[in-house]
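# Fold and contact review
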Amino acid sequence: SAPPGQRSALVCRHPLDGSAPRVLGRWKPHDLTGWDLDPSGAWLLSIQGGRVLQHRLDALAAPGRVIGTHEGKQVSVTQRPWYDRLVSSDDRGEVRIWNVASARLERTLRSPADAGVVALDPTGRLVATGPFVTAPPRSLYLFDLNAPRSSEPVPLLGTGVTGIASMAFSPDGSWLASNHGQSVMLWNVTGPRSSVIGRQKSPEVAVAVTPDGRHVLSTSVEGVLRRWPLDPADGEGVRTLWTWPGGTPGPPLVEPKGRFVLLTETEGVIHVVPLDGSPPRTHRFARPEGPSLAAYAGNLDPSG
């Protein structure tokens, strides 16, 4: 017999009204690692030799349409219940979301654990991942596609059972069920959740939000001013606006119109960092000989 991944299969459609099944054809995959059917029942999706392929069920002998690539020894593909997108995932925790019509990679997610098993929320908002073989604590993760793109996945706590056979969301996306062979666990995913959008080296971490609510700014003792986008559609990613050697600036103070950030340091130093990428400006207070001068915080009038 042929080795796994090379075996051909007779594909049949079985009507639920009890009538005789219909043979659609013989499918001959090569280096197959995973497959799924689209919700319409017209297409078969597969991972073969690191390629994400789409096959018509009424023309299985024809070459599949290439959606993209996803290399790895244990790669799976999932589309149901989505129509316009599909997901490929692997045991290294990488999850790729593909636009089916345009054959374009839309987004890449990264799980801290094996992502061999995937469930897709029917509303299009959530993606759940977990390992196929074992499920130690903190191995099931929930991705919120409406959260900022830099957000870390949320761990589903309390799992200590082994083996995840499958997972599925309820039709309204409020519950996730995970099948562990001997048991089924139900997770309510409608409650509020905190999102970790990034990490800054401590201590003395300080944050501010831009007036338009689109970005978070952060500083810390490591001497970096970073901007974190909050809009899930923002593909720019985290951006370092400025670094400075030495010194410990105070909290970032955003100008009321969102044009720049004001940072103060002890010894009377003020840094003005434009948010459009223009070069920063530094101002120093003049002071008489002898006395020291400290500037721990600043403020701005409404005009900036």
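Residues numbered from 1 in each chain as written. Predicted model: local features only at pLDDT ≥ 70, side-chain atom pairs only at ≥ 80, totals over all residues. Heavy atoms only, no water.

Time to look at the overall build of the protein chain. Across its full length, the protein chain holds zero helices and 25 strands. A globule of 304 residues ought to have a C-alpha radius of gyration of about 19 Å, yet the protein chain, at 26 Å, is considerably larger. The C-alpha extent of the protein chain, read off along each of the three principal axes, is 95 × 40 × 35 Å. The long-range share in the protein chain, meaning contacts at least 24 apart out of those at least 6 apart in sequence, stands at 39%. Surface exposure of the protein chain reaches about 16400 Å², of which carbon and sulfur atoms provide 54%. The averaged location of the 28 negative side-chain charges in the protein chain is 5 Å from the averaged location of its 31 positive side-chain charges. (Helix = DSSP H or I, 4+ residues; strand = E, 2+ residues; numbered from the N terminus. Rg over C-alpha atoms; globule rule 2.2 N^0.38 Å. Contact = heavy atoms within 4.5 Å. Areas by Shrake-Rupley, 256 points an atom, 1.4 Å probe, with all protein chains shown as cover. Lys, Arg positive; Asp, Glu negative; His and termini not counted. Charge placed at Lys NZ, Arg CZ, Asp CG, Glu CD.)

Let us now look at the sheet that holds strand 3 (residues 32-37). Reading across from one edge, 3-4-5-6 is the order of the four strands in this open sheet, with antiparallel pairing throughout. This sheet does not close on itself; its edge strands, each paired only once, are strand 3 and strand 6 (65-69). Geometrically, the sheet is characterised by an average inter-axis angle of 20° between neighbouring strands, direction not taken into account. Here strand 4 (residues 43-48) pairs with strand 5 (residues 51-56) via six bridges, running antiparallel. Counterpart to Leu 44 in the pairing with strand 5 is His 55. (Pairing = 2+ DSSP bridges. Axes fitted to C-alpha atoms, helices over the stretch in contact; angles between N-to-C directions.)

For the structure on display, the rule yields 12 salt bridges. A salt bridge links Asp 90 to Arg 92; its shortest N-O distance comes to 2.7 Å. Classification of Asp 90 by relative accessible area gives buried; the value is 0%. Of the residues examined, Arg 92 reaches a relative accessible area of 54% and is grouped as exposed. Residue Glu 106 pairs with Arg 104 through a salt bridge whose shortest N-O separation is 3.7 Å. Salt bridges linked by common partners bring Glu 94, Arg 96 and Arg 110 together as one network. (Salt bridge = Lys/Arg side-chain N within 4 Å of Asp/Glu carboxyl O. Buried < 20%, exposed > 50% of the residue type's maximum accessible area, 1.4 Å probe, protein only.)

A few words on the side chain of His 180. Mapped onto the elements of the fold, His 180 is located in the loop between strand 16 (175-179) and strand 17 (184-188). Classification of His 180 as buried rests on a relative accessible area of 6%. A polar contact of 2.8 Å, which involves the side chain of His 180, links it to the side chain of Ser 178. (Polar contact = N/O pair within 3.5 Å; in protein donor to acceptor, adjacent residues only side chain to side chain.)

Inspection of every chain in the model, using the stated rule, returns zero aromatic pairs. For the cation-ring pair, Arg 56 lies above Trp 43, with the distance from its terminal atom to the ring centre recorded as 4.9 Å. Taking the ring centre of Trp 82 as reference, the NZ or CZ of Arg 85 above it sits at 4.0 Å. (Phe/Tyr/Trp six-rings, centres within 6.5 Å; stacked < 30°, edge-to-face > 60°. Lys NZ or Arg CZ within 6 Å of the ring centre and 35° of its normal.)

Moving on, we come to the sheet that holds strand 8 (residues 85-90). Pairing between the strands of a sheet comes from backbone hydrogen bonds, and it takes one of two forms, parallel or antiparallel. A sheet is described by the order of its strands in space; here four strands give the open sequence 7-8-9-10, paired in antiparallel fashion. Looking at the sheet topology across the chains shown, the edges are occupied by strand 7 (75-78) and strand 10 (104-110). Neighbour-to-neighbour, the strand axes of this sheet turn through a mean angle of 20°, independent of strand direction. Bridging between strand 9 (residues 94-99) and strand 10 involves six bridges; their strand directions are antiparallel. Looking across to strand 10, one finds that Glu 94 is bridged to Arg 110.

Another aspect to go through is a nonpolar patch on the surface. Side chains of Trp 175, Val 184 and Leu 186 sit close together on the surface and give an oily, nonpolar patch of about 330 Å² of accessible area. Given the relative accessible area of 39%, Trp 175 is considered partly exposed. (Patch = residues over 30% accessible without salt bridge, like charges linked within 9 Å, V, L, I, M, F, W, Y side chains within 5 Å.)

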